[in-house]
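# Architecture at a glance
So the chains spell out like this:
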Amino acid sequence: MHVRRSPFALMVVASSAFAQAPVASSPASTLWFRKPATEWNRALPVGNGRLGAMIFGGTAEEHIQLNETTLWSGGPYNPVVKGASRALPEIRRLLFAGDVPGAHDLFGRTMMGVPYEQQKYQPLGDLLIAFPGHERPTNYRRELSLDDAVARVSYDVDGVTFTRELFASAPDQVIVIRLTASRAGALTFSAQLHGVRNPAHSNYGTDYFRMDALAPNELRLTGKNSDYLGIAGKLTYEARLFARSEGERGIMTVDRRTLRVAGADTVTIVLAAATSFVNYHDVSGNPAERVRTVLDRARARAYGALRRDHVAEHARWFQRVQLTLAGTPADVLALPTDERIARYATSSDPQLAALYYQFGRYLLLSSSRPGTEAANLQGIWNDNPNPWWDAKYTININLPMNYWPAETGNLADMVGPLDALVRDLAVTGVETAREHWGARGWVVHQNTDLWRATAPMDGPSWGAWPVGGAWLMTNLYEHYRFSNDSAYLRSIYPVLRGQARFLLDMLVAHPTKGWLVTAPSNSPENYPAWPGNGEFFDEVSGISLSAYTMAAGPTMDMQITRELFAEFDEASLRLKVDTALAREVRAARARLAPNQIGRHGQLQEWLEDWEDLEPEHRHLSPLWGLYPGNEITPEATPELARAAAVTLDRRGTGGCGWSYGWKMGLRARLHDGEKSLEQLRALLTKSSLPTLFSLCGRALQVDGNLGASAAIAEMLVQSHRDVIQLLPALPAEWKAGAVRGLRARGGFEVDVTWADGRATRASIRASGTRPCRLQAANLVRVTANGSAIPLVRRGAEVVEFQATAGREYRVEFR
């Protein structure tokens, strides 16, 4: 694992080298509020991919909640059950005979991993800063600038303006907090660094922490993580901060657990943190040494240098894409973010959609950087030792969705942590494939965690789903398709080949239909209405469940498998390897159960035309082939596209944050911008927090944000048919605007400006030399350096031209 400059640290610094006032934030890229956050869900996030913080913005007490991405419960473990596959023939026999309860129970007794659950992502601690006499502020403002990734709080008390700035630096691997007062000597506060224990496990827990103040100006938190599910806690950790006062005034002291500052002008706090995690099977790291290395470097740097490098590094990624959606009145643009969301249910605010898009990119950039862990359900932020769904990596939609905006949103480098995770799973999943499925290759099921567990987990209703690895491989293959980088294709090919081998071995012929299908599996996490299906008490999870989910050959599995086989076939051909295996893959692909249209004109979810017990179920599993897959399109498969639209209509507008985001992307692929926007409006007003974070029930999750950001890009530019399509799903409300820097498959970067719903100009930049196909209405000509480029017509609105690496092409319209 590699993180730039220093891989494991949190920190807080002081310096007098940055005295100028901060630049005013742009309202188009700033979240702001008139009050502090009253709970964690309403705090503002900063992160550098490894360290995260949530800022409450209190006046009498500031609360900064802290995370380190490798602090989880437990330690290295292996949940694989030796010989589990011996039960597989009988499970399949029961399933094909219609005895789903019997198949479910036998799977639960023989094929579940042990322990049945996985480990939990954990909070690191809390920095609490008390300001005496600040209980009644005026002119309060709390904000997060997406442009510079800096959170700010400002307010007045007794004629003095107090200001805080906070950021998480990736170059220096620290969290930096700057406290200032407009009157000399007016800054007085005390600070403590608190640890977190798991209260639910406190009667038998083995986690602990120690809080110490170190003279003359430091606080230190040390500890050990908790055991969980019989897995011993093997991680140790340290967080440490120092404070530095600027100017001639101010007295700084420490006692036992508290840092005290009295009568200062400006104070900078720098915080670093690390755990002993090295990788999923090695916890021998030295967190104290890691923290010391980072803090020693930070001590030698002025605040201005820390801030400058942070802002410049952030801008290098974030500023690659700019989006403007015209039409928001200036007085609305000036409103606090929560007030804009409240009025959005019934009023137009195109630029709020642009802000939401960029907030998604900001979250990805803050929670996933080269060398860090992948973004989990909550990104990198978590205050609860027992978070919803353990804040781990859920693969049946959430983890793949987290990375949907990376490619189109020009943040492809942020896919690195997902790539590393998949490569690890391709190692740990080999034994799981062999012992649980009797197969070659590798497998991962519905979830994984820091320790790369790959066995079925939670219960058969969720864990009996063997195509998690195949889905994740499609994410990595999309990374190749966008870059057209043959070296990257060569690097992932062994992992892709392993997944193809697993699927070949795992697929089984349906005894009556003859098709190759997955069995057992489920269509996440939906209930088919076969006769008699209903509530039952599950002996694995120990709870009553609404109905059985187990099935053979659900539509999603077949779509994912078809895509994976097509990717392997293409990769084998391009790399000129494994021709015999590729022939075997092509033959199996031809035998897979096809997409089917049901009695309502809908795309069937299962092999049989069963109804849904939950007609508006949050998952859109049978539509995977429409989005994020590409085997269903209005152009190439119009009947299936119409059936997909029927399925979407039947699902309704309800769900949770990520469900809205998925529906947005599906509608965009059907070229229905109005219904995409309808889903965005519902997401923002029904399933989001005032800070724009999406919700899954009551849980803050980032997947909805990231899925919706990806969908907004799909509304503006699509390239999944090997044609760059401009404005394919533009709603009337976004009648004018401009986007710069979106990426398209094949190594292209795209800018588009439009008015009255029609493109007025566009630019395409090529990273490689290859043909470029472009679809847009009213296209007149393409030029480079003022010269017209020869065009070949490929359809009513499609042209093709030869693009050259490094050149920019201007597209002109009538």
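Quantities reported herein were computed from a predicted structural model and do not represent experimental measurements.

### Let's talk about the overall build of the chain
Scanning the chain for helices and strands turns up 19 helices and 38 strands. For the chain, the residues scored as buried account for 63% of the 814 residues in total. Partitioning the intrachain contacts of the chain with sequence separation of at least 6 by distance along the chain shows that 72% fall at a separation of at least 24. Carbon and sulfur atoms provide 50% of the accessible area of the chain, an area that totals close to 27500 Å². Seen as two clouds, the 88 positive and the 85 negative side-chain charges of the chain have centres 4 Å apart.

### Let's talk about empty space enclosed by the protein
Under the criterion given, the structure shown has eight cavities of 30 Å³ or more. The volume enclosed by the largest cavity comes to roughly 270 Å³. Every residue lining the largest cavity is counted, 21 residues in all, and those nearest its centre are W404, E478, F482, P628 and R745. The set of elements that each furnish at least two residues to the lining of the largest cavity consists of α9 (404–408), α12 (468–483), α14 (555–575) and α19 (703–716). It is α12 that provides the largest number of residues to the lining of the largest cavity, a total of five residues. Partitioning the lining of the largest cavity into residue classes produces eight nonpolar, five polar and eight charged.

### Description of the pattern of salt bridges
Close approach of charged atoms lets side chains of opposite charge pair. Evaluation of the coordinates by the stated rule reveals 66 salt bridges. The partner of R152 in a salt bridge is E165, with the nearest N and O atoms 3.0 Å apart. Placement of R152 in strand β7 (residues 150–157) and of E165 in strand β8 (residues 160–169) is noted, with a sequence separation of 13 residues between them. Between D649 and R667 there is a salt bridge, with its nearest N and O atoms 2.7 Å apart. With D649 in helix α16 (residues 638–651) and R667 in helix α17 (residues 657–669), this residue pair connects regions lying 18 residues apart in the sequence. One network of salt bridges, in which partners are shared, links R141, E143, D148, R152, E165 and R307.

### Considerations on the sheet that holds strand β29 (residues 724–726)
The strand order across the open sheet built from five strands is β28-β29-β33-β37-β36, with neighbouring strands paired in mixed fashion. Strands with a single pairing partner mark the edges of an open sheet, and in this sheet they are β28 (717–718) and β36 (792–793). Across two bridges, β28 lies against β29 in antiparallel orientation. When the sheet's bridge partners are listed, Q718 is paired in β29 with Q725.

### Comments concerning the side chain of R562
Relative to the helices and strands, R562 is located in helix α14. Given the relative accessible area of 9%, R562 is considered buried. Leaving out residues up to four positions away in the same chain, R562 has contacts with R589, L592, A593, P594, N595 and E631.

### So, the packing of aromatic side chains
Evaluated as defined, the whole model comprises 23 aromatic pairs. Centroid distance F131 to F189: 5.8 Å. Interplanar angle 45°. Geometry classified as tilted. Here F131 is found in the loop between β5 (125–130) and β6 (138–145), whereas its partner F189 is found in strand β10 (residues 187–194), with 58 residues between them in sequence. With a relative accessible area of 3%, F131 lands in the buried category. Owing to a relative accessible area of 2%, F189 belongs among the buried residues under this scheme. Put simply, the rings of W404, W465, W471, W624, Y627 and W662 touch in pairs and so form one group of aromatic residues. The ring centre of F318 lies 5.2 Å from the NZ or CZ of R361, which sits over that ring.

### Some details on the packing of α12 against α14
Direction vectors running N to C along α12 and α14 enclose 45°, while the axes themselves pass 10 Å from each other. By the angle between their axes, α12 is oblique relative to α14. Both α12 and α14 take part in a crossing whose hand is left-handed. In this structure, α12 uses A470, W471, M473, T474, Y477, Y480 and R481 to contact α14, whose residues at the interface are M556, I560, E563, L564, E567, E570, A571 and R574. Grouping the amino acids of the contact of α12 with α14 by side-chain chemistry returns nine nonpolar, one polar and five charged.

### Let's talk about the layout of surface pockets
Considering only enclosed or pocket space, the largest pocket measures out at about 710 Å³ in volume. If you go around the largest pocket, you meet 30 residues; those closest to its centre are W389, Q446, D458, W462 and E525. Looking at the lining of the largest pocket, its residues break down into 12 nonpolar, 11 polar and seven charged. Lining the second largest pocket we find 20 residues, and of these R574, R721, D722, R745 and R770 sit closest to its centre.

### Overview of the sheet that holds strand β32 (residues 758–766)
Strand order across the open sheet formed by seven strands is β17-β30-β31-β32-β38-β34-β35, with antiparallel pairing between neighbours. Each having just a single partner strand, β17 (322–325) and β35 (787–788) make up the two edges of the open sheet. Sheet topology note: the β17/strand β30 (residues 737–744) ladder contains four bridges and is antiparallel. When the bridges of β30 are listed, L325 appears paired with G737. Lying over the sheet, helix α7 (residues 350–367) contacts β17 and β30, oriented at roughly 160° with respect to β17. Lying on the sheet, α19 is in contact with β17, β30 and β31 (748–755); it crosses β30 at an angle near 105°.

### Considering the pairing of β31
Buried residues dominate β31, accounting for six of its eight residues. Alignment of β30 against β31, held across seven bridges, turns out to be antiparallel. Paired with R743 across the two strands is E749, which belongs to β31. Hairpin connection from β30 to β31: three residues lie between these consecutive antiparallel strands, with G746 at a positive phi of about 100°. Sheet analysis places β31 next to β32, joined by eight bridges and oriented antiparallel. Looking across to β32, one finds that F748 is bridged to A766. The hairpin formed by β31 and β32 contains two residues between the paired strands, and D756 there has a positive phi angle of roughly 50°.

### Observations regarding unusual backbone geometry
Cis geometry is adopted by the peptide bond preceding P520, which originates at A519 and carries an omega value of 0°. Look at the link from Y627 to P628: it is a cis peptide, with omega at 15°. Note on placement: P628 falls in the loop between α15 (579–590) and α16. In the Ramachandran plot, A391 falls in the positive-phi region, its phi being about 50° despite a non-glycine side chain. Relative to the elements of secondary structure, A391 occurs in the loop between α7 and β18 (393–394). The backbone phi angle of L727 is positive, close to 55°, even though this residue is not glycine. Looking at where L727 falls in the secondary structure, it is placed in the loop between β29 and β30.

Parameters and conventions
- Residues numbered from 1 in each chain as written.
- Predicted model: local features only at pLDDT ≥ 70, side-chain atom pairs only at ≥ 80, totals over all residues.
- Heavy atoms only, no water.
- Helix = DSSP H or I, 4+ residues; strand = E, 2+ residues; numbered from the N terminus.
- Buried < 20%, exposed > 50% of the residue type's maximum accessible area, 1.4 Å probe, protein only.
- Contact = heavy atoms within 4.5 Å.
- Areas by Shrake-Rupley, 256 points an atom, 1.4 Å probe, with all protein chains shown as cover.
- Lys, Arg positive; Asp, Glu negative; His and termini not counted.
- Charge placed at Lys NZ, Arg CZ, Asp CG, Glu CD.
- 1 Å grid on protein atoms, 1.4 Å probe; cavity = no way out; pocket = protein on both sides within 12 Å on 5 of 7 lines; lining within 4 Å.
- Points joined across faces, edges and corners; volume = space filled by probe spheres on them.
- Nonpolar A, V, L, I, M, F, W, Y, C, P; charged D, E, K, R; others polar.
- Salt bridge = Lys/Arg side-chain N within 4 Å of Asp/Glu carboxyl O.
- Pairing = 2+ DSSP bridges.
- Phe/Tyr/Trp six-rings, centres within 6.5 Å; stacked < 30°, edge-to-face > 60°.
- Lys NZ or Arg CZ within 6 Å of the ring centre and 35° of its normal.
- Axes fitted to C-alpha atoms, helices over the stretch in contact; angles between N-to-C directions.
- Parallel < 35°, antiparallel > 145°, perpendicular 65-115°, else oblique.
- Left-handed = near helix turned anticlockwise from the far one by under 90°.

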